[in-house]
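As a plain string of letters, each chain reads:
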Amino acid sequence: MTKFLRTLYNRIVAWMNQPHLRRPIAAMLLLNAAVQMWAAGNGLAGINEATSMVTSYFDPGTKLIYAIGAVVGLIGGVKVYGKFSSGDPDTSKTAASWFGACIFLIVAATILRSFFL
């Protein structure tokens, strides 16, 4: 059985390598590729659906970033109050860093929303 399959394979390879068959085979492959591309369509419906799915996540994502900013602000306020109460001279630096983090989160969410929508 193995000898038969090897002989059959060799005959097929020899038939495919004949010079007069190379052009029709190449044309057949190109035609097959063209038919497959035509059958696939342009994909515009899929791109539109993906765009609508991604843009639907911006409202919840923006609200989530605002909520994270609020939590960071509360934690920062407690930390700054603790430093201020203990008389730490580094209070203004800590307050500026926590306030800057909150501002960054709010501005980043707003810019991302305006950039992508």
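Described below are features of the structure shown in this document. (Residues numbered from 1 in each chain as written. Predicted model: local features only at pLDDT ≥ 70, side-chain atom pairs only at ≥ 80, totals over all residues. Heavy atoms only, no water.)

1. A closer look at the side chain of Thr91
Phase 1: Assignment of secondary structure puts Thr91 in helix 5 (residues 91-116).
Phase 2: Taking the relative accessible area as the measure of exposure, Thr91 reaches 12% and is therefore buried.
Phase 3: When sequence neighbours within four positions are dropped, the list of residues in contact with Thr91 reads Val80, Lys83 and Phe84. (Helix = DSSP H or I, 4+ residues; strand = E, 2+ residues; numbered from the N terminus. Buried < 20%, exposed > 50% of the residue type's maximum accessible area, 1.4 Å probe, protein only. Contact = heavy atoms within 4.5 Å.)

2. Brief notes about the pattern of salt bridges
Phase 1: Within this structure, the stated rule accounts for two salt bridges.
Phase 2: For Asp59, the salt bridge is made with Arg113, and the minimal N-O distance between the two is 2.5 Å. You can see Asp59 sitting in helix 4 (residues 58-86) and its partner Arg113 sitting in helix 5, a full 54 residues away along the chain.
Phase 3: With relative accessibility at 31%, the residue Arg113 sits in the partly exposed group.
Phase 4: Lys83 is paired through a salt bridge with Asp88; the nearest N and O atoms lie 3.2 Å apart. (Salt bridge = Lys/Arg side-chain N within 4 Å of Asp/Glu carboxyl O.)

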